[in-house]
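Now for the letters of each chain:
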Amino acid sequence: MKLEKSKALFEEAQKYLVKGVNSPVRYFKPYPFFVQKAKDCYLFDVDGNKYIDYCLAYGPMVLGHANEAIINAVKEQLELGTAYGCPTEKEIILAKEVINRVPCAEMVRFVNSGTEATMSAIRLARGVTGRKKIIKFDGAYHGAHDYVLVKSGSGALTHGTPNSPGIPEETTKNTILVPFNDEEAIEKVIKDNKDEIACLIVEPVMGNVGCILPKEGYLKFLREITEENGIILIFDEVITGFRLAKGGAQEYYGVIPDLATLGKILGGGFPIGAIVGKKEIMEQMSPSGPIYQAGTFNGNPVSITAGIETLKQLDDKFYKETTKTAEKLANCLREVSERYNIPAKVYNIASMFQIYFNDKEVLNYEIAKQSDTERFMKYFWNLLENGVFVPPSQFECCFTSIKHNDEVVEKTMNAIEEAFKNLE
Ligand code: PMP
C-alpha cells in the first residue's frame, strides 16, 4: 500500500502538532494516513487510496460523509452568519426535535462537545443534590475533563494512560469506580457512601472499550437503585443517542434516566453536545438557576442547522438498514474467526459492532483489557491494506452508516476474509 505522501505529511505535522495529530486516537504506528476528502461511506487519502469507513469520525457520520441535504442547509446558513451570541429560532426547532425523540428530555442545553456535556451534567447533579461523590464505571469514557478521566476508555486506554497526570487527586477522590455489569459492586458502594452520591454516569452500551452490552435488566437495576437513593442517573448517550433508536438507548432499553448527554450524531458532522433531562433539574442551570453553564459557541447556528437536517433523515428505514449492516458484518466476523480458529468474541447492537481477540465473554473493562491488542492491530492493518478502515484500536467501536449498501458490505466481507488469512 502506498502511503508516501501521508508519511511526508506526518513528518511535517510532528514539527507543529503533538505527535502530528490533534486527538490521541488519530495517531497509530507507524503513522496515520492523511485524509484528502470523504464522500458517503468512503475516505480518500492524500496518496490516492480509498477506504470503506467504519470509523465515521468516531460516530457522527451515520448518514455518510458530505450528505447533500446537510451541505445545502449549512451553505445557506453560512451566508446568514456563523455565530451571533444571540438566540435563534433554529435552536428551538432542534430542541423540540430532541425532546420529541429522547424520553428523558424535557429541556435542552446545547454545548459544543460531549466532554462539555458530561462536565456540565455532573456539575448540575452535584449542584442539585448538594452532594460531592459521583459513580462511574471502569473503562467508561465521558470525555477529557478531570472528574471522569479515571480508569478511562478510548484514547486514554489505547495509549496506556487511563489516569492522566496533571489531575490532582483532590479532583478525583470523589469519583467512585465500579465494574460494569456487576450489581453487587454498586449496592456496596451506595451502602458505604449513603447520602453522599450525587450521580451515577453510565454509557448504556460501552462504546469506548469496544462494544460492551449491558446484561439483561442491568440498566433497569441502575434506574431502581439510583431512584431509591436519591442519586441522579445520567445516561451518557454521546454514542448511543439517536443511534440505538430514535430516542437512543433509553428508548431501546425502556429505561429513563434523569439526565442524558448527547453529541456526535446530533451535530451532523459539526461540533456539538447537549445536556437534556427533567425540567426541575435542568432549570437549576444558569441563567434560570444558580448552577453555572455557558459557552460562546453554545447553540452555534451552523452545528444546529446540520443537526436539524440530520435528525430529519433518521427515520425507521435508517435504523433498520444500519442495524442489518452491522449484524451482517458481525456475523461474518463470527464465522470467519471460527473458521480460522482465532479466539474472538463479536458484539453488535444497532449500528455498532466490534470484534475482541479474546476467548472470554467481554462483560467489563477488566476482561476487555485481556484482549490481544497486537493481533487487533494486525487485523487493522490487514483490513486497511484491503481498503477497509476501522478505528485503530481494540477499544473503539465500529459504526455503520446508511451509505454502507450491500455491495459495500460484500467488499468488506471479502476484506475480512483476506485479513484473517494473514492473522496468526
Ligand atoms: N462520552 C462518550 C460516551 C463518548 O464516546 C465521547 C467521545 N468519544 C465523549 C463523551 C466526549 O465527547 P467529545 O469527544 O465530543 O468531547
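Residues numbered from 1 in each chain as written. Predicted model: local features only at pLDDT ≥ 70, side-chain atom pairs only at ≥ 80, totals over all residues. Heavy atoms only, no water.

- Going by an unreviewed UniProt entry, the protein carries the name Glutamate-1-semialdehyde 2,1-aminomutase and comes from Methanotorris igneus.
- The Sequence similarities (unreviewed entry) field of the UniProt record for the protein holds the comment "Belongs to the class-III pyridoxal-phosphate-dependent aminotransferase family. HemL subfamily." (UniProt positions renumbered as here; feature names shortened; annotations may be inferred.)

**Brief notes about the overall build of the protein**
- Helix and strand counts for the protein come out as 15 helices and 14 strands.
- Its C-alpha radius of gyration of 21 Å places the protein within 12% of the 22 Å reference for a compact globule of 424 residues.
- For the protein, the spread of C-alpha atoms along the principal axes amounts to about 55 × 55 × 45 Å.
- Residue burial in the protein is summarised as follows: out of 424 residues, 58% are buried.
- Sequence separation of 24 or more characterises 71% of the internal contacts of the protein that already satisfy a separation of 6 or more.
- Accessible surface, the protein as shown: approximately 18,400 Å² in total, 50% of it carbon and sulfur.
- One way to put it: in the protein the 49 positive side-chain charges average out to a point 2 Å from where the 57 negative ones average out. (Helix = DSSP H or I, 4+ residues; strand = E, 2+ residues; numbered from the N terminus. Rg over C-alpha atoms; globule rule 2.2 N^0.38 Å. Buried < 20%, exposed > 50% of the residue type's maximum accessible area, 1.4 Å probe, protein only. Contact = heavy atoms within 4.5 Å. Areas by Shrake-Rupley, 256 points an atom, 1.4 Å probe, with all protein chains shown as cover. Lys, Arg positive; Asp, Glu negative; His and termini not counted. Charge placed at Lys NZ, Arg CZ, Asp CG, Glu CD.)

**Section: the pattern of salt bridges**
- Tallying each qualifying case throughout the model produces 20 salt bridges.
- Lysine 133 is the salt-bridge partner of glutamate 196, the closest N and O atoms lying 3.4 Å from each other. With glutamate 196 in the loop between α7 (183–192) and β7 (197–202) and lysine 133 in strand β5 (residues 133–137), the pair connects residues that are 63 residues apart, well separated along the chain.
- Given a relative accessible area of 18%, lysine 133 falls into the buried group.
- Across the salt bridge formed by aspartate 258 and lysine 278, the nearest N and O atoms sit 2.8 Å from each other. (Salt bridge = Lys/Arg side-chain N within 4 Å of Asp/Glu carboxyl O.)

**Description of the UniProt feature "modified residue: N6-(pyridoxal phosphate)lysine" (unreviewed entry) in the protein**
- Under the UniProt annotation, the feature "modified residue: N6-(pyridoxal phosphate)lysine" (unreviewed entry) is placed at Lys264.
- Along the chain, lysine 264 falls in the loop between β9 (259–262) and β10 (273–277).
- The exposure class assigned to lysine 264 is partly exposed, which follows from its relative accessible area of 26%.
- With sequence-adjacent residues up to four places away left out, lysine 264 is seen in contact with Tyr58, Gly59, Pro60, Val238, Ile239 and Ile272.

**Points about the site of the ligand**
- As a matter of local geometry, the ligand sits amid Ser113, Gly114, Thr115, Tyr141, His142, Gly143, Glu203, Asn208, Asp236, Val238, Ile239 and Lys264.
- The separation between an oxygen atom of the ligand and a polar side-chain atom of threonine 115 is 2.5 Å.
- For the ligand, an oxygen atom lies 2.9 Å from a polar atom in the side chain of asparagine 208.
- Isolated, the ligand exposes 390 Å² of accessible area, and the fraction of that covered by the protein chains is 82%.
- Taken together, the residues of the shell around the ligand sort by class into three nonpolar, six polar and three charged. (Near = heavy atom within 4 Å. Polar contact = N/O pair within 3.5 Å; in protein donor to acceptor, adjacent residues only side chain to side chain. Nonpolar A, V, L, I, M, F, W, Y, C, P; charged D, E, K, R; others polar.)

**Some words on helix α3 (residues 89–101)**
- The end-to-end C-alpha distance of α3, which contains 13 residues, comes to 19 Å, matching closely the 18 Å that a straight helix rising 1.5 Å per residue would cover.
- Listed as buried for α3 are Leu94, Ala95, Val98 and Arg101. Axial view of α3: buried residues confined to an arc of 130 degrees, hence all on one face. Away from the buried face of α3 by more than 90 degrees, exposed residues Glu89, Lys96 and Asn100 are located. (Expected span 1.5 Å × (residues − 1). Arc of directions from axis to C-beta.)

**Examining the environment of proline 271**
- If you trace the backbone, proline 271 turns up in the loop between β9 and β10.
- Here the alpha-carbon distance between proline 271 and alanine 306, two residues 35 residues apart in the chain, equals 9.8 Å.
- Among all residues touching proline 271, those that are not within four sequence positions of it are Asn112 and Ser303.

**As for the confidence of the model for the protein**
- Per-residue pLDDT for the protein averages 96, and the proportion of residues at 70 or more is 99%.
- What the predictor reports for the complex is a pTM of 0.98 with an ipTM of 0.99. (pLDDT = per-residue confidence, 0-100.)

**Section: the sheet that holds strand β2 (residues 42–45)**
- Strand order in this open sheet of four strands is β1-β2-β3-β13, and the pairing throughout is mixed. Each having just a single partner strand, β1 (35–39) and β13 (388–389) make up the two edges of the open sheet.
- Examined bridge by bridge, β1 and β2 share four bridges and lie antiparallel to one another. Within the sheet, the bridge partner assigned to alanine 38 lies in β2 and is leucine 43.
- Here helix α15 (residues 406–421) sits on the sheet and contacts β2, β3 (50–53) and β13; the angle it forms with β3, its principal contact strand, is near 105 degrees. (Pairing = 2+ DSSP bridges. Axes fitted to C-alpha atoms, helices over the stretch in contact; angles between N-to-C directions.)

**Some details on the sheet that holds strand β14 (residues 398–399)**
- Reading across from one edge, β11-β12-β14 is the order of the three strands in this open sheet, with antiparallel pairing throughout. Each edge of the open sheet carries a strand with a single partner, namely β11 (345–349) and β14.
- Sheet topology places strand β12 (residues 352–356) next to β14; two bridges connect them, and they run antiparallel. Paired with methionine 352 across the bridge in β14 is phenylalanine 399.

**What to know about α15**
- The first and last C-alpha atoms of α15 sit 23 Å apart over 16 residues, in line with the 22 Å expected at 1.5 Å per residue.
- When we look at burial in α15, the residues that qualify are Val408, Val409, Thr412, Ala415, Ile416, Ala419 and Phe420. Projected down its long axis, α15 carries its buried residues within an arc of 130 degrees, all on one side. Facing away from the buried side of α15, by more than 90 degrees, are the exposed residues Asp406 and Glu407.
- On the buried face of α15, the contacting elements are β2, β3, α12 (316–339), β12, α14 (373–385) and β13.

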